[in-house]
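Now for the letters of each chain:
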Amino acid sequence: MAFFLQASNWGLQTFLGRCFLFQPASTCQKSLALMVHLLSRDQVKGLPFTTSSQSAVPQDLKGVHMLHKSRSGSRDGKKEKRKERSREEDKEKSLMSPFSAGAAKQRSVSQQTPTSMRLPRLSKKDDIQPPEKPLNAEEWQEWRTRLEHLTDFENVMLHQMIKYESSIDVAKSLMADVVLRNGEVKYNLLLGYLILCVQQKQVAEIFDIYDIMKLRFKTLDPGGYSLLIRGLSDTERWREAILLLKEIRKVTPPSKGNYGYCIKGALNNQDVQLALEVYHEMVAENVMPPLDVLQAFFDTCKGTQDDKLKKELLDMLLCFRENQVYPNEALMQSIKLWFESVPGEKWTGRLTSIENGWGCPVCNQVLETIELSKKEYNILKKKIMKNVMQGSDIFKKTTPQLFDVVSYFAQQNLRLLVLGRKHLKDFQSWKWNAMTAMQGKVDFFFTENISQDDPFLVYATLHSGNHSKFVTRDLLRDHKACLPESIQQLFFKWQRGHQLMPFSSRTKKISFAPILSYDTVVQTTGDTWHIPYDDHLVERYSYEVPRKWLCLQRK
C-alpha cells in the first residue's frame, strides 16, 4: 500500500479542508505483515510532469519549521459530556465511507454555522391571490382596474391560478372574458390554460384544447407537445400521445418525460409490446427512463411466463448497472415482487446492508471488487493525462495540521510523498523538530506557487500503480467533469476504491473513513441478484452510492 500527501490545499476553518496522501512505488520496505512501496528520488524526477522551473523536484527541507500546538482539554463536567457525544459521533462517522449515501449530509450538519450566527432571510412580497369563484365580464374589468400596473394581466392572473391551483371554473371564466374582449385566445394564454387542465386532470378540457390546437396551429412548440402528451397519455385517447411523440421529433429530441408518459400510457392499457418499442427507442437515444416508468414495467409484468419479456426486464436491471442508476424504495419493492411472482423459479428477496466487508450477509455471496481491471486502469490513466493535467484548480492555504496527518500514517510505517507548492518551504510556522522527525519517512515534491497541483496529484496516484491510495476531503468533481462522460463512471469507481477521507473530529483525534472493498452496482451470478437501492430516509447526493441492498436468491 502506498500514499501521497498534497499539502497546499487545506481549509483554514475546516479540519483538513483538502489534503492528499500518495506514494509511487518501486523499492520495497517491509514491516511485520505490511508491504509498503516507495518511489525513489530518481523516480520522482522521472515522473512525466512539466513545470516552469526546477522546483518540481524533491527539495531539501532544512530550515523549514512546523508549528504543532498542543491542546489542553477542560475538566468541566459539561465539556466531558460533550466530548463523549463527540466520540460517539466520530465513531459513527468512522464506519461510513465518504461516498456512502448520507455521508455528505452528515458532514454538512457537523460543519453548520450555529443558528445564532445565521443571517435572517428577507421576506418576499405577497403574491396576487386569484379570485375564489368564477367572475363575469364586469367583475373581471374591476380586477383589471385594480391591477392596472400589470402589463399582461391575463397571463399573470393565469400564472397565479396555476400556482394556487384555482378551480378550473375560475380559469374558464377568464378565458370566456378574453374571447369577449379580443375575439380569440392567443397561443401563450391557451397553453397556460392547458397547464392548469393537465395539472388537475381535466380530461374533457384537455380534449377540447387539443382539438382547438390541431385546427388552429400546424405545429406546436416543444412545451405544447409535452403538455398534450402528458395530458392524453392517461386517457382513452392515449394512442394520440404516441402520434404526438413522432411530431415532437420534428422540432426537438423528445425528453425522458415525453417518452415516459407514452410508455406508461401503453402499459396502463396492457400494450406491453408498444411500451417496449418506445422504451428501446428511448434507450437508443441515450435517454435513461425515469424510475416510475421502470416501476410500471415490473408492476405490469408480474407473473409473466413469457421468456422474452423476462429477458427484457432483466436487461433493464443490467442497464441500471451500465448507467450507475439506483432504484428508489418503490421500484425496489416492485422488482422484488416481480422476481417472487415468476412461476416455477422460487425467487426470494430480502433487504440488507453491506458495510465494510466483501460479502452479502444474507446469502454470503462475495460482491464484485471495487478495483479496476488492468484494461480499465490503463484507459483511465491515459484520459487523466490528456484531460485533467490541463485542468485548473484553486489555491488554498496550508495549515500546521499537515504534521498530524503525516504522523498518523508514518506511525503505520508507511512511506509518503508530500506534494505541495514551493511556498511551503518558507512557511515559518513549521516546527523544526517535527520536520526532522518526518524526514526519515517522507519525501517532498514541490511545484511552482502558480502551478496547478491537483492535476499532478491525480496523475501521480495513477502513475504509482493500482495499489496507491490518497487522502483528501476534496471530491475531485472538477477533475471528473474534465473527463469524457463515458470515462466519468470509471473515474468515480477508481476514486471510491482509492480515496481515504479525513473527517472533523471534535475530540481533535485524526480519523479516516473506510474505503469500501466492493463495487456498489447491480450484479448477478444467475442464481443471485444484488441490487443497491436508495433508502427514502437518507438524502443521497449524486457523488454518493446507496448503503441498502436487495438480495435475491433462486432456490
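Residues numbered from 1 in each chain as written. Predicted model: local features only at pLDDT ≥ 70, side-chain atom pairs only at ≥ 80, totals over all residues. Heavy atoms only, no water.

Looking at an unreviewed UniProt entry, one finds the protein chain named Mitochondrial ribonuclease P catalytic subunit, with Alligator sinensis as its source organism. Annotation of the protein chain in UniProt includes, under Sequence similarities (unreviewed entry), the sentence "Belongs to the PPR family. P subfamily." Heading Catalytic activity (unreviewed entry) of the UniProt record for the protein chain holds this comment: "Endonucleolytic cleavage of RNA, removing 5'-extranucleotides from tRNA precursor." (UniProt positions renumbered as here; feature names shortened; annotations may be inferred.)

(A) Spotlight on the pattern of salt bridges. Counted under the stated rule, the structure contains 23 salt bridges. Among the ionic pairs, Lys493 bridges to Asp519, the shortest N-O distance being 3.7 Å. One end of the pair, Lys493, is in helix α21 (residues 485–498); the other, Asp519, is in the loop between β10 (511–513) and β11 (523–524), and 26 residues separate them in sequence. For the pair Lys493 and Asp519, a shared accessibility class is recorded, and that class is buried. In this structure, Arg540 engages Asp534 in a salt bridge whose closest nitrogen and oxygen atoms are separated by 2.5 Å. Classification of Arg540 by relative accessible area gives partly exposed; the value is 26%. A network of salt bridges, in which partner residues are shared, links Asp307, Lys310, Glu345, Asp527 and Arg554. (Salt bridge = Lys/Arg side-chain N within 4 Å of Asp/Glu carboxyl O. Helix = DSSP H or I, 4+ residues; strand = E, 2+ residues; numbered from the N terminus. Buried < 20%, exposed > 50% of the residue type's maximum accessible area, 1.4 Å probe, protein only.)

(B) View of helix α16 (residues 374–388). With 15 residues, α16 extends 20 Å between its outermost C-alpha atoms, agreeing within 8% with the 21 Å of an ideal straight helix rising 1.5 Å per residue. Those residues of α16 lying buried are Tyr377, Leu380, Ile384 and Val388. All buried residues of α16 project into a common sector of 65° when viewed along the axis, lining one side. Residues of α16 that are exposed and point more than 90 degrees away from the buried face comprise Lys374, Lys375, Lys382 and Lys386. (Expected span 1.5 Å × (residues − 1). Arc of directions from axis to C-beta.)

(C) Inspection of the sheet that holds strand β12 (residues 528–533) at higher detail. A sheet is described by the order of its strands in space; here four strands give the open sequence β5-β13-β12-β11, paired in antiparallel fashion. Looking at strand neighbours, the two that pair on one side only are β5 (347–353) and β11, the edges of this open sheet. Along the sheet, helix α15 (residues 329–341) makes contact with β5, β12 and β13 (548–554), crossing β5 at roughly 150°. (Pairing = 2+ DSSP bridges. Contact = heavy atoms within 4.5 Å. Axes fitted to C-alpha atoms, helices over the stretch in contact; angles between N-to-C directions.)

(D) Representation of the packing of aromatic side chains. Following the criterion strictly, the structure yields twelve aromatic pairs and no others. Residues Tyr187 and Phe217 carry aromatic rings whose centres are separated by 5.1 Å and whose planes lie at 85° to one another, so their mutual orientation is edge-to-face. Taken together, the positions of Tyr187 in helix α7 (residues 187–199) and Phe217 in the loop between α8 (203–216) and α9 (222–233) put the pair 30 residues apart, joining distant regions of the chain. Tyr187 gets classed as buried once you look at its relative accessible area, which sits at 18%. Geometrically, the ring pair formed by Phe298 and Trp338 is edge-to-face, given 5.7 Å between the ring centres and 80° between the ring planes. (Phe/Tyr/Trp six-rings, centres within 6.5 Å; stacked < 30°, edge-to-face > 60°.)

(E) Region of interest: the packing of α9 against helix α11 (residues 256–268). Relative orientation of the contacting elements α9 and α11 amounts to 20°, with a least axis distance of 9 Å. On the basis of the axis angle, α9 is roughly parallel to α11. As for how α9 packs across α11, the hand of that crossing is left-handed. Between α9 and α11, the residues in contact are Ser226, Ile229, Arg230 and Ser233 and Asn258, Tyr261, Cys262 and Gly265, respectively. In the contact of α9 with α11, the residues fall into three nonpolar, four polar and one charged. (Parallel < 35°, antiparallel > 145°, perpendicular 65-115°, else oblique. Left-handed = near helix turned anticlockwise from the far one by under 90°. Nonpolar A, V, L, I, M, F, W, Y, C, P; charged D, E, K, R; others polar.)

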